[in-house]
There are 2 protein chains.
Amino acid sequence: MDTTTLYQHSTLADLTAGLFSGTLPVSQLLQHGNTGIGTGDGLDGELIILDGQVNQITGDGEVRELAPKDMVPFANVHFADYQSIGEYQKMDKDETLAKIAQEKIWNNIFYSFMLKGNFTRVKTRSVHKQKQPYPSLAQAAQKQGVFERENISGQMLGYYAPSLYNGVAVGGFHYHFISDDHLFGGHVLDFELNQASLGLQMFDNLVQHFPVESVDFMNFDYSQHHDIAEQISHAEK
Amino acid sequence: MDTTTLYQHSTLADLTAGLFSGTLPVSQLLQHGNTGIGTGDGLDGELIILDGQVNQITGDGEVRELAPKDMVPFANVHFADYQSIGEYQKMDKDETLAKIAQEKIWNNIFYSFMLKGNFTRVKTRSVHKQKQPYPSLAQAAQKQGVFERENISGQMLGYYAPSLYNGVAVGGFHYHFISDDHLFGGHVLDFELNQASLGLQMFDNLVQHFPVESVDFMNFDYSQHHDIAEQISHAEK
């Protein structure tokens, strides 16, 4: 079990361009990790993968579990082996991310963080399943569900990508949440933590897997879509 | 032996920034492929790897072989399994690259090409080994050796990277040459082919390996080097 490798299926640029159809079954994705984030077939909600269980938070805010045969268009996974860093207390989002970024000199590599504990407030969004012909990610995100809970316990799982990889991944931090009772979660827009333990895991390798069996992906003409990096920064912040 | 994966040690951005010290021994590099291109320790020449033999063309134009313990700062390797495409005849560089790009609809993935045959003219460059404190790649490239041969037989080995990966790799084509008599080679600047067979090999995966044990790499502040993409396009064309 390789705990030094981050696996990514497809790229954020592909998702931004509207390539929402699932191109990898969950059963294959989980061969490359038991922990991660992603989205469902047709941009169907936000995924947070913990202990090999693929939790999906739909655009209506429901939490379900994906089956091995379900397809995903985009996901990051790794085998969890977090280094325990310490306890964080009473910080808002900006303070938390700034402190995580200062724990290690890891700006030039991919790494993951895991915050487990209770949060004074968590605000999430989750995208709705789209129908073909697919809109762009930015258009789909305009109708996303936005949810908020106060005083909630759960896990916040995220990845850091070096800015060089913006477009391939989300440059900087990208993180999802799920409550311990599995009734709330999504792509995190904002939060304040009350008390949470921080784990960090660095990666020596990024395995970028391309959906080479997808005709839509192989034929997509990126030269007609110069605004993809800009769209990413709008849709994923 | 995985023939669907391209392995890259370090990134072109790191090289462009002047991180020239070798960070991976040849013995480890060759575990990930028997075919590839790269540069030597201290930006010591141009590498072209064929059948597990790491040929180095120095800044003086000499061809040597690297030993397993020699270190490299940057390289791409894969296990060769080329699909035979056909014979190319009497084309210049631009015609050849344009034709290769049209053989397959592979614009959105990494692939390799191999041209074997004889060339009316091949013009190469090779960089000189640098001493610390290292200059930038652009500065080092100003004093590179430039060489030219006419009517020469050999192999031209290259990679295509999608434009999304410019900076991580060289967006577009990046290729090196070695003559059959091993007396001439380098990073190709220009050529005219007389007759050559073309092989192509696509990759489902890019494994990006980071030099995590290099203090210079881990501490490098890219936020102070906004011009790296521009420098790449100058130094690698």
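Relevant structure appears above.
All of these numbers come straight from a predicted model, not from anything done at the bench. (Residues numbered from 1 in each chain as written. Chains lettered and ligands numbered in written order. Predicted model: local features only at pLDDT ≥ 70, side-chain atom pairs only at ≥ 80, totals over all residues. Heavy atoms only, no water.)

Draft legend 1. Examining the overall build of chain A more closely. Of the regular secondary structure elements, chain A holds six helices and 14 strands. A globule of 237 residues ought to have a C-alpha radius of gyration of about 18 Å, and chain A, at 17 Å, matches this closely. Its C-alpha atoms give chain A principal-axis dimensions of roughly 50 × 35 × 35 Å. Summarising the internal contacts of chain A: among those between residues at least 6 apart in sequence, 77% fall at separations of at least 24. Averaging the coordinates of the 15 positive side-chain charges in chain A and doing the same for the 29 negative ones gives two points 5 Å apart. (Helix = DSSP H or I, 4+ residues; strand = E, 2+ residues; numbered from the N terminus. Rg over C-alpha atoms; globule rule 2.2 N^0.38 Å. Contact = heavy atoms within 4.5 Å. Lys, Arg positive; Asp, Glu negative; His and termini not counted. Charge placed at Lys NZ, Arg CZ, Asp CG, Glu CD.)

Draft legend 2. View of helix 3 (residues 93-103) of chain A. Residue and element names in this part refer to chain A. Taken together, the buried positions of helix 3 are occupied by T96, L97 and I100. End-on, the buried residues of helix 3 take up no more than an arc of 95°, which puts them together on one face. Of the exposed residues in helix 3, those oriented more than 90 degrees away from the buried face are D94 and Q102. Check the buried side of helix 3 and you find it contacts strand 9 (83-92), strand 10 (111-126), strand 12 (172-179) and strand 13 (185-202). Its side-chain oxygen 3.3 Å from the backbone nitrogen of D94, D92 forms the N-cap of helix 3. (Buried < 20%, exposed > 50% of the residue type's maximum accessible area, 1.4 Å probe, protein only. Arc of directions from axis to C-beta. Polar contact = N/O pair within 3.5 Å; in protein donor to acceptor, adjacent residues only side chain to side chain.)

Draft legend 3. Just the nonpolar core, in detail. Counting residues in each nonpolar core, the largest one holds 102 residues, and the members touching the most others are I100, F113, L115 and F119 of chain A together with F113, L115 and F119 of chain B. Look past the residues within four positions of L115 of chain B in its chain and what remains in contact with it is Y88, T96, I100, G154, Q155, M156, L193, A196, S197 and L198 of chain B. (Core = buried A, V, L, I, M, F, W, Y, C linked by side-chain atoms within 4.5 Å.)

Draft legend 4. Structural context of unusual backbone geometry. Going from Q132 of chain A to P133 of chain A, the amide bond is cis rather than trans, its omega being 0°. One non-glycine residue, D51 of chain B, adopts positive backbone phi at about 50°. Summarising the element assignment, D51 of chain B is placed in the loop between strand 4 (46-50) and strand 5 (53-57). Here D51 of chain B falls in the exposed class, since its relative accessible area comes to 74%. Even without being glycine, K90 of chain B reaches a positive phi, approximately 45°. Looking at the secondary structure, you find K90 of chain B in strand 9 (residues 83-92). With a relative accessible area of 65%, K90 of chain B lands in the exposed category.

Draft legend 5. Region of interest: the interface of chain A and chain B. Opposite the 26 residues of chain A that make contact, chain B presents 26 residues. The contact between chain A and chain B buries some 2,400 Å² in all, and 62% of this surface belongs to carbon and sulfur atoms. Counting every contact that joins chain A to chain B gives zero salt bridges. Taken together, chain A and chain B are joined by 10 residue pairs in polar contact (both at pLDDT 80 or more). Where the side of chain A that touches chain B is concerned, the elements lending two or more residues are strand 14 (205-209) and helix 5 (215-219) of chain A. Looking at the side of chain A that touches chain B, the element that brings in the most residues is strand 14 of chain A, giving five residues. (Buried area = accessible area lost by both parts, 1.4 Å probe. Salt bridge = Lys/Arg side-chain N within 4 Å of Asp/Glu carboxyl O.)

Draft legend 6. Examining the pairing of strand 3 (residues 35-39) of chain B more closely. Residues and elements named next belong to chain B. Counting buried positions along strand 3 yields five of five residues, so the element is predominantly enclosed. Across the two faces of strand 3 the burial is the same, with T35, I37 and T39 and G36 and G38 all buried. Relative to strand 8 (residues 74-78), strand 3 is paired through five bridges, and the arrangement is antiparallel. Within the sheet, the bridge partner assigned to G38 lies in strand 8 and is A75. Bridge count between strand 3 and strand 4: four bridges; the pairing is antiparallel. Within strand 4, the residue paired with I37 across the bridge is I48. (Pairing = 2+ DSSP bridges.)

Draft legend 7. The relation of the copies chain A and chain B, seen in detail. Least-squares fitting of chain A to chain B yields an RMSD of 0.0 Å, with the transformation described by 0.0 Å of translation along the axis and a rotation of 180°. With respect to symmetry, the two chain copies, as superposed, fit the operation of a two-fold axis. No C-alpha of chain A approaches the rotation axis more nearly than that of V207 of chain A, which lies at 2.2 Å. Both copies contact each other with a shared surface, as 100% of the interface residues of chain A are interface residues in chain B too. (Least-squares fit on C-alpha atoms with pLDDT ≥ 70 in both.)

Draft legend 8. Region of the structure containing the packing of aromatic side chains. Going through the model one piece at a time under the given rule, you end up with 34 aromatic pairs over all chains. Taken together through their ring pairs, the aromatic side chains of W106, Y111, F113, F119, Y160, F173, Y175, F177, F184 and F191 of chain A make up a single cluster. (Phe/Tyr/Trp six-rings, centres within 6.5 Å; stacked < 30°, edge-to-face > 60°.)

Draft legend 9. Representation of the pattern of salt bridges. Residue and element names in this part refer to chain B. Enumeration according to the criterion identifies 14 salt bridges over all chains in this entry. D41 is the salt-bridge partner of K129, the closest N and O atoms lying 3.4 Å from each other. Here the residue K129 occupies a position in the loop between strand 10 (111-126) and helix 4 (137-141), and D41 occupies one in the loop between strand 3 and strand 4, the gap between them amounting to 88 residues. Here R125 makes a salt bridge to E46, at a shortest N to O gap of 3.0 Å. Taken as a pair, R125 in strand 10 and E46 in strand 4 lie far apart in primary sequence, 79 residues in all.

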